[in-house]
Amino acid sequence: MESLSRASIANPGTLSPTSSSASYFLFPRRFRLSNGFSSSSAFGNLRRIVSRGRVRAEIEKPNAPVIDFSDPEWRIKYQKDFELRFNIPHITDVFPDAKPIPSTFCLRMRTPVSEDFAGGYPSDEEWHGYINNNDRVLLKTINFASPNSAGAVCIDPDCTWVEQWVHRAGPREKIYFKPEEVKAAIVTCGGLCPGLNDVIRQVVITLEIYGVKSIVGIPFGYRGFSNSDLSEMPLSRKVVQNIHLSGGSLLGVSRGGPSVSDIVDRMQEKGINMIFVLGGNGTHAGANAIHEECRKRKLKVAVVGVPKTIDNDILLMDKTFGFDTAVEEAQRAINSAYIEAHSAYHGVGIVKLMGRHSGFIAMHASLASGQIDICLIPEVPFQLHGPHGVLTHLKYLIETKGSAVVCVAEGAGQVILTTNFCVPSRGFNALSSLFQELSVSTKKYFREIGVHADVKYIDPTYMIRACRANASDGILCAVLGQNAVSFPLIPLSPLCQG
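Residues numbered from 1 in each chain as written. Predicted model: local features only at pLDDT ≥ 70, side-chain atom pairs only at ≥ 80, totals over all residues. Heavy atoms only, no water.

Visitor: So what exactly am I meant to see when it comes to the sheet that holds strand S18 (residues 454-458) here?
Guide: Two strands in a sheet stick together by hydrogen bonds in their backbones, pointing the same way (parallel) or opposite ways (antiparallel). Within the open sheet, the 4 strands sit side by side as S14-S15-S13-S18. Their pairing is parallel. Each of the sheet's edge strands pairs with one partner strand only, and the pair in question is strand S14 (374-376) and S18. For this sheet, the mean angle separating the axes of adjacent strands, direction not counted, is 15°. Alignment of strand S13 (residues 347-353) against S18, held across 5 bridges, turns out to be parallel. In the strand pairing of S18, valine 351 is matched with isoleucine 458. In this fold helix H6 (residues 323-343) packs onto S13, strand S15 (404-409) and S18, with an angle of close to 165° to the strand it touches most, S13. (Pairing = 2+ DSSP bridges. Helix = DSSP H or I, 4+ residues; strand = E, 2+ residues; numbered from the N terminus. Axes fitted to C-alpha atoms, helices over the stretch in contact; angles between N-to-C directions. Contact = heavy atoms within 4.5 Å.)

Visitor: Is there a simple way to explain the pattern of salt bridges in this structure?
Guide: Two side chains carrying opposite charge are able to pair once their charged atoms lie near each other. Under the criterion given, the structure shown has 14 salt bridges. When the shortest N-O distance is used, the salt bridge between lysine 183 and glutamate 232 registers 3.1 Å. Of this pair, lysine 183 sits in strand S8 (residues 183-188) while glutamate 232 sits in the loop between strand S9 (214-218) and strand S10 (233-234); the two residues are 49 residues apart in sequence, bridging distant segments of the chain. Note on glutamate 232: relative accessible area 25%, which makes it partly exposed. (Salt bridge = Lys/Arg side-chain N within 4 Å of Asp/Glu carboxyl O. Buried < 20%, exposed > 50% of the residue type's maximum accessible area, 1.4 Å probe, protein only.)

Visitor: Explanation requested: helix H2 (residues 196-210) in the structure shown.
Guide: Given 3.6 residues per helical turn, the α-helix brings residues three or four places apart onto the same face. Compared with an ideal rise of 1.5 Å per residue, which puts 15 residues at 21 Å, H2 spans 22 Å between its outermost C-alpha atoms and is within 8% of the ideal. Here H2 lies mainly inside the structure; 14 of its 15 residues are buried. Immediately downstream of H2, the backbone of glycine 211 shows phi near 110°, a positive value. (Expected span 1.5 Å × (residues − 1).)

Here it is, written out as structure tokens:
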């Protein structure tokens, strides 16, 4: 069976086994990129589809081998293949002579490691807070008895139980980077997302706990490596102490940037041997390419990726940072649309929310508000016209309730759009806009049937992205930041890209 790729679930251990160019991505990769930057989209290859009322994740992988369920040992083979794909290579796989040192991380320590590390690297042998490299976490916790069970995700037609384990996150007892020799850089790419500053803050604080003194921020994404007008920003606990109280990114964001070779050249010039990349699909494709280039040059560089997608659309992850905040902030827009619609004669309120290929934000926000009559998401097919179409149901709502509120995910209804309302979607290929199509079609439909309709539409996208993280996301960001720094402790060689 073709490998889905190795993956690692948030494992605190950055200052650790990352001696060669080792990359760490705190979320599973759906497929392996073979040639550095790739036009393929890791997120694009994952789509959520609805089948008989069950939402399941499906990997669109051309020519993917089919499991031979007639083989009595298919289950054992599947488990072994899964373990292989999700195994994390160690730095010593590439540098057999790499020597570990006792970890400089300990939660009992309330002050940074001394400047000269007098007496060697401090360790607390009595402290049982380190994670064993062989610790694993069970990925699935529900044993579905039938493929017809609600929400069932099965490997075979009989829904056979197959254990799937992934590495456990946490600081390791041995590390492979001496803190005083580390120059760590942090870069934020793509669009804004609530929680970016929280992750930056926690990465810096955790690095200082390990004893790292040289920490810098690269301004405006990968662009900061090539633009001579942009200088790196020194970071410390004092600098980042309160940045989580504001939205946006302290370092700024941008899309695109210089070539991979140029980025690695600049990293060498600046002496950067540990880089933390906060971004989404394209950003991590770039991070993977940086990792491959560093390996090719035999550089001792750790490339650590922290997933950033407000849409909550990463396979095998329960939740991504910024999602809870987005759902919470979307309530304001929904409530405004509700008030507008119910205050108007035959009012129709339409709210557009983020969700290019997944409708998690739209669905959760709709459920939480209790004010939405129709929720349209990419996973569920629908029609605008016809007896079972959205417009027909809007007519019913106007007749029975006097008003209606619709929530639309940005990627919903792509297959039915007939107009040329195409808009760029946060750096990806242009999407046709159901939001605009629905607004125009609703007015036209009610005008043709001779019924008055007052259509109001709200797009709070940029207001939501610029918010500071709420309490729930703040905690998740802290965990991701800590895990990112501890990750290189478990070096990945041929690494995961998510």
